[in-house]
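Listed below are the residues making up each chain.
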Amino acid sequence: QVQLVESGGGLVQAGGSLRLSCAAAGRTFSRYAMGWFRQAPGKEREFVAAISWSGGHTYYADSVKGRFTISRDNAKNTVYLQMNSLKPEDTAVYYCAARRDSSDYVFQRQYAYDYWGQGTQVTVSS
């Protein structure tokens, strides 16, 4: 069992930056693949970024590639999402998710993940 708590959301102007954190409580965090997803008002939840358990593999949605960076610190049981050059269309509730995995793969599909956080709001003003 893994409990996930996101933090770092807030209000930022377009072009600004935010860093989201997702702290995991539970054992063997280092054997969990992690992902970030987001859901804007009136829209379905969508994939943002994913990282393998070792951190050696990452994958991004085209809409955030080159602007967002996912990383993890297994010693701190935390995964991060650095978001730069933010746009109003990045406004959403951001969720982190975890999947127990030893393959060192990355996972893009929501159904691949077993555990979800409660989300943190990111609002980008124009």
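One can find the structure itself at the top, above this paragraph.
Residues numbered from 1 in each chain as written. Predicted model: local features only at pLDDT ≥ 70, side-chain atom pairs only at ≥ 80, totals over all residues. Heavy atoms only, no water.

Turning our eyes to something else, we now look at the side chain of Glu6. By secondary structure assignment, the location of Glu6 is in strand E1 (residues 3-7). Despite its burial, Glu6 pairs with no opposite charge, the nearest such side chain being Arg45 at 7.7 Å. Only 2.9 Å separates the side chain of Glu6 from the backbone nitrogen of Cys96, close enough to count as a polar contact. Polar contacts involving the side chain of Glu6 include one to the main-chain amide nitrogen of Gly119, which spans 2.8 Å. (Helix = DSSP H or I, 4+ residues; strand = E, 2+ residues; numbered from the N terminus. Buried < 20%, exposed > 50% of the residue type's maximum accessible area, 1.4 Å probe, protein only. Lys, Arg positive; Asp, Glu negative; His and termini not counted. Salt bridge = Lys/Arg side-chain N within 4 Å of Asp/Glu carboxyl O. Polar contact = N/O pair within 3.5 Å; in protein donor to acceptor, adjacent residues only side chain to side chain.)

With that settled, the discussion passes to the pattern of salt bridges. Between side chains of opposite charge, a pair can form as their charged atoms come close. Under the defined criterion, the tally for this structure stands at four salt bridges. In this structure, Arg38 and Glu46 form a salt bridge, with 2.7 Å as the shortest nitrogen-oxygen distance. You can call Arg38 buried: its relative accessible area is 5%. A residue is classified by how much of its surface remains accessible, and Glu46, at 36% relative accessible area, is partly exposed. Here Asp90 and Arg67 are joined by a salt bridge, their closest N and O atoms 2.8 Å apart. Of this pair, Asp90 sits in the loop between strand E8 (78-83) and strand E9 (92-100) while Arg67 sits in the loop between strand E6 (58-60) and strand E7 (68-73), placing them 23 residues apart in sequence.

What follows is about the side chain of Ser52. Within the secondary structure, Ser52 is located in the loop between strand E5 (46-51) and E6. Relative accessible area serves as the criterion here: at 0%, Ser52 is assigned to the buried category. In terms of polar contacts, Ser52 uses its side chain to reach the side chain of Asp104, at 3.1 Å.

Attention now goes to the pairing of E7. The alternating pattern of E7 places Phe68, Ile70 and Arg72 on a buried face and Thr69, Ser71 and Asp73 on a face that is not buried. By the bridge criterion, six bridges tie E7 to E8 in an arrangement that is antiparallel. Each bridged residue has a counterpart across the sheet, and for Asp73 the counterpart in E8 is Thr78. The turn linking E7 back onto E8 is made up of four residues, and Asn77 within it adopts a positive phi angle of 55°. (Pairing = 2+ DSSP bridges.)

Of all hydrophobic cores here, the largest spans 39 residues; its most connected members are Leu4, Met34, Trp36, Leu81, Met83 and Tyr94. Secondary structure elements with two or more residues in this core: strand E3 (18-25), strand E4 (32-39), E5, E7, E8, E9 and strand E11 (120-125). The contacts of Tyr94, once residues within four sequence positions are left out, are Glu6, Leu20, Trp36, Phe37, Arg38, Val48, Phe68, Leu81, Met83, Gly119, Thr120 and Val122. (Core = buried A, V, L, I, M, F, W, Y, C linked by side-chain atoms within 4.5 Å. Contact = heavy atoms within 4.5 Å.)

Turning our attention to the packing of aromatic side chains. As enumerated under the stated definition, the model contains six aromatic pairs in all. Aromatic pair Tyr113 and Trp116: ring centres 6.2 Å apart, planes at 70°, arrangement edge-to-face. For Tyr113, a relative accessible area of 5% puts it in the buried group. One aromatic cluster is present, formed by Phe37, Phe47, Tyr59, Tyr113 and Trp116 through successive ring pairs. For the cation-ring pair, Arg31 lies above Trp53, with the distance from its terminal atom to the ring centre recorded as 4.0 Å. Note that Arg45 overlies the ring of Trp116, its terminal NZ or CZ placed 3.9 Å from the centroid. (Phe/Tyr/Trp six-rings, centres within 6.5 Å; stacked < 30°, edge-to-face > 60°. Lys NZ or Arg CZ within 6 Å of the ring centre and 35° of its normal.)

This part takes up the state of the cysteines. Enumeration according to the criterion identifies one disulfide in this entry. Residue pairing for Cys22: its cysteine sulfur links by disulfide to Cys96, the two sulfurs lying 1.9 Å apart. Taking the sign of the S-S torsion, 50° for the link of Cys22 and Cys96, the bridge is right-handed. With a gap of 74 residues between them, Cys22 in strand E3 and Cys96 in strand E9 connect regions that are remote in the sequence. Given the relative accessible area of 0%, Cys22 is considered buried. For Cys96, a relative accessible area of 0% translates into the label buried. (Disulfide = S-S within 2.5 Å.)

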